[in-house]
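Coordinates in review
Chain by chain, the residues:
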Amino acid sequence: LLVELGRLREERLGEHDSAVLAFEAAHEADEENEDAALPLADHYVTVEQWDKAEPLLDMLVRKAGKRERGEQQELQKKLGKVCSALGKDEKAFKAYSAAHQLDLTDQETIRGLADTAFKLKDWGNALTNFQKVLTSLGEDETEARADVYYRLGCIKREQGQAKQAINNFEKA
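A short tour of the structure in this document, coming up.

This next bit is on the side chain of Asn-168. Assignment of secondary structure puts Asn-168 in helix H10 (residues 162-171). Discounting residues that sit within four places of it in the chain, Asn-168 has contacts with Tyr-149, Leu-152, Gly-153 and Lys-156.

Next comes the structure, spelled out in C-alpha cells:
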C-alpha cells in the first residue's frame, strides 16, 4: 500500500519528496520489498547518499536473478558506482565486472572498471579498459581523451615501459 502511495505521489502528483517518504516507510515495514527499494536506491544515488543506497542495491542485486538482463546490468553498475564512491574498490570492481558480463558494450561500466582497476593498481585490467574507453571517445572530447592518455601514461610507467609512458603523457 505504501509503495502504491509512493508511485501515485511520484507519477501522478509529481511530489518526489513525499513519494520518497512513502517508499522509505514501505522499506521500513519490509526491508526485502524490492518495489520500495528500487525507487529509493535510485533516489539515493541521484542525491549521492551512497551509504543509504548500498544496502538497498546489495539486496536488489542479490534478488535480481528473475529480472531482465538489462535490469540486472543496471543494478550491478549502480552498485559499482556506489561502492566506488564509498571507497570500497574491491566490491566496486566485482560489481562492475558482473555488469560488464551482462553487457560488454556499456561505456559507463567499462569506465567504472577502468577507474576501479586503476585505484586497485590492477594495471592489466586498467590498461585494457582505458584503451576501450579511448576508442569510444570522439575527437572533440579533448578533456576526457587527455585524462585517459594521462592514466595510460601512469599505467605504462608502473609497468616499467618508460617510452610508452612518455608517449601517452605527451598525448595528454
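Moving on, we come to the packing of helix H7 (residues 107-119) against helix H8 (residues 123-136). Where H7 meets H8, the axes come as close as 8 Å, and the angle between the chain directions of the two elements is 145°. In the crossing of H7 with H8, the sense of the turn from one axis to the other is left-handed. Side by side, H7 and H8 meet where Gln-107, Ile-110, Arg-111, Leu-113, Ala-114, Asp-115, Ala-117 and Phe-118 of the first sit next to Trp-123, Asn-125, Ala-126, Asn-129, Phe-130, Lys-132, Val-133 and Ser-136 of the second. Of the residues contributing to the contact of H7 with H8, the split by class is nine nonpolar, four polar and three charged.

Before going further, it helps to examine H8. Taking 1.5 Å per residue, 14 residues should reach 20 Å; H8 reaches 20 Å between its end C-alpha atoms and fits that length. Within the sequence span of H8, burial applies to Trp-123, Ala-126, Leu-127, Asn-129, Phe-130, Val-133 and Leu-134. Looking at the packing, one finds that the buried side of H8 touches H7 and helix H9 (142-158).

Taken as a whole and judged by the stated rule, the model has three aromatic pairs. Between Phe-118 and Trp-123 the ring centres are 5.5 Å apart and the planes differ by 80°, which places this aromatic pair in the edge-to-face class. Centre to centre, the rings of Tyr-150 and Phe-169 are 5.6 Å apart; their planes meet at 50°, and the pair counts as tilted. Separated by 19 residues along the polypeptide, Tyr-150 in helix H9 and Phe-169 in helix H10 bring together distant segments of the chain. With a relative accessible area of 29%, Phe-169 lands in the partly exposed category. Three or more aromatic residues joined by ring pairs form one cluster here, namely Phe-118, Trp-123 and Phe-130.

Counted under the stated rule, the structure contains 20 salt bridges. Where Lys-63 meets Glu-34, a salt bridge forms, and the shortest distance between an N and an O atom there is 3.9 Å. Taken together, the residues Lys-63 in the loop between helix H4 (50-62) and helix H5 (69-85) and Glu-34 in helix H3 (residues 34-46) connect sequence positions 29 residues apart. Of the residues examined, Lys-63 reaches a relative accessible area of 24% and is grouped as partly exposed. On the accessibility criterion, Glu-34 (13% relative accessible area) is buried. Note that Asp-58 is salt-bridged to Lys-91, the shortest N-O span being 2.9 Å. Of this pair, Asp-58 sits in helix H4 while Lys-91 sits in helix H6 (residues 89-102); the two residues are 33 residues apart in sequence, bridging distant segments of the chain. For Asp-58, a relative accessible area of 28% gives the class partly exposed.

Rules used in this analysis
- Residues numbered from 1 in each chain as written.
- Predicted model: local features only at pLDDT ≥ 70, side-chain atom pairs only at ≥ 80, totals over all residues.
- Heavy atoms only, no water.
- Helix = DSSP H or I, 4+ residues; strand = E, 2+ residues; numbered from the N terminus.
- Contact = heavy atoms within 4.5 Å.
- Axes fitted to C-alpha atoms, helices over the stretch in contact; angles between N-to-C directions.
- Left-handed = near helix turned anticlockwise from the far one by under 90°.
- Nonpolar A, V, L, I, M, F, W, Y, C, P; charged D, E, K, R; others polar.
- Expected span 1.5 Å × (residues − 1).
- Buried < 20%, exposed > 50% of the residue type's maximum accessible area, 1.4 Å probe, protein only.
- Phe/Tyr/Trp six-rings, centres within 6.5 Å; stacked < 30°, edge-to-face > 60°.
- Salt bridge = Lys/Arg side-chain N within 4 Å of Asp/Glu carboxyl O.

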